[in-house]
Number of protein chains: 2
Amino acid sequence: MMRAINIYNPGKVSVGAGCIEQLANDVLVCGIKKVFLITVSAVLKDIDPVISSIKKNGVEVEMAVDLPGEPTFGDFEGLLKKASGFKTDCVVGIGGGSIMDVAKIVAVLIDSDQKLKDVVGIGLLTGRKTKLFCAPTTSGTGSEMSPNSILLDESDNSKKGIISPFLVPDYVYIDPVLTIGLPSNITAFTGVDALTHCIEAYCNKNAHPVVDAFAMEGITLIAGSLENAVLNGDDVEARTNLAIGSMYGGMCLGPVNTAAVHAMAYPLGSEYHIAHGLSNALLLPYVMEFNLDANYQRYADVAVALGAGEGNDDIETAQNGILILKNLLKRCGVPSSMKELGVEESKITQMAQSALKVTRLMMNNLKEISLDDAITIYKNAY
Amino acid sequence: MMRAINIYNPGKVSVGAGCIEQLANDVLVCGIKKVFLITVSAVLKDIDPVISSIKKNGVEVEMAVDLPGEPTFGDFEGLLKKASGFKTDCVVGIGGGSIMDVAKIVAVLIDSDQKLKDVVGIGLLTGRKTKLFCAPTTSGTGSEMSPNSILLDESDNSKKGIISPFLVPDYVYIDPVLTIGLPSNITAFTGVDALTHCIEAYCNKNAHPVVDAFAMEGITLIAGSLENAVLNGDDVEARTNLAIGSMYGGMCLGPVNTAAVHAMAYPLGSEYHIAHGLSNALLLPYVMEFNLDANYQRYADVAVALGAGEGNDDIETAQNGILILKNLLKRCGVPSSMKELGVEESKITQMAQSALKVTRLMMNNLKEISLDDAITIYKNAY
């Protein structure tokens, strides 16, 4: 019998070109007086009219623009201090996963007695009083839809997850126009991140029929549009499909979440500061190869959604899927080996040990992964 | 370019057998002191443990059980009075569409200055302060997911729609166990209602890619499980698929909504008190036949999701779809003509006039429907 799952949703999700415009009125309707906006310089021109509208309505706006890299505990503390000083009653995150992840944590801890170190883990947050608005400027993270925030803990140089329904925003704007200016390599890396969310949720020990539907829709949309968006960044239709695909990927993260690809990608991020999406892209085909015999049928479904031809049986179809994925990554200009990114082979054992510690994701993987298995997968991806 | 849409979601949606159990704890976490529960006697035994748990937590519960028929303005006023007297801070609706629709309006108007007559229409509600929980006991209405409530106005004997984001519940429990005892005819009628939500949203002047995905998933699930659930009411898998299909149907209602089938079904409900789902079932194949040439491709997609074989072209496939639908309705024991339900042929013109007045739905229909067209469709269904 199908197990019960809980899906935590943003109260309002706007989808489509230009929908970010609605932010000003939604802020007004909520009775907000002070907006703390965390964003990126790349979209300042796009969102300038919205910021002006918010201010015209008599709402104060304080801004923090750009983060040095993927968000750290230190970045968070700095932003929290700034937001607290401003006495904001609303946090808005307009950016990629880094920006939204940190905005979510600021919103939840700004008027809380809890400290960051107390809430690392699953379900430890006790509430959120401050309104939270998010709008993605990449099609990848799905953070706008998910109860997850990932920050780098500098004390042990590892990614830490804060998972709680209170991290799901109140208002979300999925406006593909905000992704138009994204460089082609970032488009590719983030797109593969979204694709990985969908594939890892569908091929997952805790897969669920409701989430399967989101995952399949996401895979179809992303596989069908990633190359177009990478090759022609102004293709609004491709950007829209990617943005919606990424939204579906985000909807997979709460109820099911990812598995070994993400767990094994984290050390590449923390050790070598390889972009999260690229880390996933490097590992995805090799984790799939490793997992394949645990459920050929599921990987065959993924293959068909990726656009692969059906083979004589699920095994062949599933294998076609991996080929078509590798091909797609190549056409999108995604580096295909850890080696060319400067990873040292001598670090593989240490990275494997580190990946195995991400038990909250590893436990979702279709096959159990031993230290030797992890080493083999890293070597294949090397 | 894809137009922007807004999707209003319940904050938490639980899906799966037994999930209603979570209600007691969610009530507690929300800090609620008094629960006003509107429900149906048919599920009292199923929900007794939940009610006990709520009370054990020190929360008072006042109950209203069963409505005489589809909900009227008078039913609403009676319930509002009872809930106000109890000074509730939370309304829970556990029932079919009638129960949930009226629970939603009670929650929204109980501590409001607005009166029912002021809020009939689209977007007229100014807010909701009282928490709202819903759990469907039929798989049909999708009201648990939608911003819509439909009540019968006795003053002119017509169905009136109240449409507002504030009608979307905070917490939703889609627990197929609550639908297990549903008689086979009600299972069939309500299931066709859900199917109609999906088909009318997919074949709709205002169709939208995001909603298309919900609609297709809903059609596939409902068409694949309706007969099993009707023939064997204890089939939990079929009940689960129907419940999820109905949820997707409800997700179509906010951003896109239904069209001519629903508009034309209303007079059958208000004039002859024919169950809403059955009214839809009587009209669905004939509205589809009328609409077919406006978009063969869309109806061909529907046909495939219904399980029809692909014809030589979309026209043939679409026509196969109508045949397979008629066949499904027959196998599920759904009456196939208005005549056998005692509708008088002489009333058709009056019903057609009445249906044309439901402009909020008629404007969604793929083809414009004149008075003569409406009369012809009713006659075909007669």
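It should be emphasised that the depicted structure is a prediction, and the values quoted were computed from it without experimental measurement. (Residues numbered from 1 in each chain as written. Chains lettered and ligands numbered in written order. Predicted model: local features only at pLDDT ≥ 70, side-chain atom pairs only at ≥ 80, totals over all residues.)

Comments concerning the packing of helix 6 (residues 184–202) of chain B against helix 8 (residues 236–253) of chain B
All names here are of chain B. Taken N-terminus to C-terminus, the directions of helix 6 and helix 8 make an angle of 45°; their axes are 8 Å apart at the nearest point. One way to sum up the angle between helix 6 and helix 8 is to call them oblique. When the axes of helix 6 and helix 8 are compared, the crossing they make is left-handed. Within the contact between the two elements, helix 6 uses Gly-191, Ala-194, His-197, Cys-198 and Ala-201 and helix 8 uses Leu-242, Gly-245, Ser-246, Tyr-248, Gly-249, Gly-250, Cys-252 and Leu-253. (Axes fitted to C-alpha atoms, helices over the stretch in contact; angles between N-to-C directions. Helix = DSSP H or I, 4+ residues; strand = E, 2+ residues; numbered from the N terminus. Parallel < 35°, antiparallel > 145°, perpendicular 65-115°, else oblique. Left-handed = near helix turned anticlockwise from the far one by under 90°. Contact = placed C-beta atoms within 7 Å.)

Thoughts on helix 1 (residues 22–29) of chain A
Residues and elements named next belong to chain A. Every buried residue belonging to helix 1 is among Leu-23, Ala-24 and Val-27, and all of these are buried. All buried residues of helix 1 project into a common sector of 100° when viewed along the axis, lining one side. Among the structural elements, strand 3 (34–39), helix 2 (44–56), strand 5 (90–95), strand 7 (131–136) and strand 10 (171–174) are those in contact with the buried residues of helix 1. (Buried ≥ 20, exposed ≤ 12 C-beta atoms within 10 Å, placed from the backbone. Arc of directions from axis to C-beta.)

Thoughts on the sheet that holds strand 2 (residues 12–15) of chain B
Here 7 strands make up an open sheet; going across it, the order is 1(A)-2(B)-10(B)-7(B)-5(B)-3(B)-4(B) and the pairing mixed. At either end of the open sheet lies a strand with only one pairing partner, and these are strand 1 (5–8) of chain A together with strand 4 (60–65) of chain B. When the angles between neighbouring strand axes are averaged without regard to direction, this sheet yields 15°. When strand 3 (residues 34–39) of chain B meets strand 5 (residues 90–95) of chain B, the two strands line up parallel, connected through 5 bridges. The partner of Phe-36 of chain B across the bridge, within strand 5 of chain B, is Val-91 of chain B. (Pairing = 2+ DSSP bridges.)

Focus on the interface of chain B and chain A
Contacts between the two partners involve 26 residues from chain B and, on the opposite side, 26 residues from chain A. Counting residues per element, the ones that place at least two in the side of chain B that touches chain A are strand 1 (5–8), strand 2, helix 7 (209–231) and helix 8 of chain B. Per-class residue counts for the side of chain B that touches chain A are 16 nonpolar, 7 polar and 3 charged. Relative to strand 1 of chain B, strand 2 (residues 12–15) of chain A runs antiparallel, the two sharing 4 bridges. Of the residues in strand 1 of chain B, the one forming a bridge with Lys-12 of chain A is Tyr-8 of chain B. (Nonpolar A, V, L, I, M, F, W, Y, C, P; charged D, E, K, R; others polar.)

A short note on unusual backbone geometry
Excluding glycine, residues mostly carry a negative phi; peptide bonds, for their part, are mostly trans. Residues and elements named next belong to chain A. The phi dihedral of Asn-257 falls on the positive side, at around 80°, and the residue is not glycine. As for its placement among the helices and strands, Asn-257 is situated in the loop between helix 8 (236–253) and helix 9 (260–272). Of note in this structure, His-273 is not a glycine but carries a positive phi near 50°. Of note, His-273 is situated in the loop between helix 9 and helix 10 (276–291).

Overview of the packing of helix 10 of chain A against helix 15 (residues 371–381) of chain A
In a pair of packed helices, the angle between the axes and the distance between the axes together describe the arrangement. All names here are of chain A. Between helix 10 and helix 15, the shortest axis-to-axis distance is 9 Å and the interhelical angle comes to 130°. Taken together, helix 10 and helix 15 sit at an angle that is classed as oblique. The two elements helix 10 and helix 15 cross, and the hand of that crossing is right-handed. When helix 10 is examined against helix 15, the residues Leu-282, Leu-283, Tyr-286, Val-287 and Phe-290 are found in contact with a partner set consisting of Asp-373, Ile-377, Asn-380 and Ala-381. Split by residue class, the contact of helix 10 with helix 15 holds 7 nonpolar, 1 polar and 1 charged.

Thoughts on the relation of the copies chain B and chain A
The operation relating chain B to chain A is a screw motion whose rotation component is 180°, with 0.0 Å of axial translation and a residual RMSD of 0.0 Å. Viewed as a symmetry operation, the transformation between the two copies matches a two-fold axis. Here 100% of the interface residues in chain B have copies in chain A that are interface residues too; the copies meet face to matching face. (Least-squares fit on C-alpha atoms with pLDDT ≥ 70 in both.)

Notes on the domain arrangement of chain A
Residue and element names in this part refer to chain A. The domain boundaries assigned to chain A delineate domain 1 (12–179) and domain 2 (184–381). Put simply, the middle of domain 1 and the middle of domain 2, counted by C-alpha atoms, are 26 Å apart. Opposite the 27 residues of domain 1 that make contact, domain 2 presents 28 residues. Listing elements by their share of the side of domain 1 that touches domain 2, those giving two or more residues are strand 8 (148–153) and strand 9 (158–163). Ranked by the residues each element gives to the side of domain 1 that touches domain 2, the list is headed by strand 9, at 3 residues. For the side of domain 1 that touches domain 2, the class distribution of residues is 9 nonpolar, 15 polar and 3 charged. (Domains from an automatic or database assignment.)

Looking at the sheet that holds strand 1 of chain B
One open sheet accounts for 7 strands, arranged 4(A)-3(A)-5(A)-7(A)-10(A)-2(A)-1(B); its pairing is mixed. Since the sheet does not close on itself, it has two edges, and those belong to strand 4 (60–65) of chain A together with strand 1 of chain B, each with one partner. The mean inter-strand angle of the sheet, taken between neighbouring strand axes irrespective of direction, is 15°. Both strand 7 of chain A and strand 10 of chain A contribute to a ladder of 2 bridges, which runs parallel. For Phe-133 of chain A, the partnering residue across the bridge sits in strand 10 of chain A and is Tyr-171 of chain A. Along the sheet face, helix 2 of chain A touches strand 3, strand 4 and strand 5 of chain A and points at about 150° away from the line of strand 4 of chain A. Across the sheet, helix 3 (residues 73–86) of chain A lies against strand 3, strand 4 and strand 5 of chain A, angled at about 160° from strand 3 of chain A, the strand it touches most.

Focus: helix 4 (residues 97–109) of chain A
Helix length check: helix 4 of chain A, at 13 residues, gives a terminal C-alpha distance of 18 Å against a target of 18 Å (1.5 Å per residue), a fit within 8%. When you tally the buried positions in helix 4 of chain A, you get 13 out of 13 residues, the bulk of the element. (Expected span 1.5 Å × (residues − 1).)

Re the pairing of strand 4 of chain A
Inspection of the sheet shows strand 3 of chain A paired to strand 4 of chain A by 6 bridges, in the parallel sense. Bridge pairing links Thr-39 of chain A to Val-65 of chain A in strand 4 of chain A.

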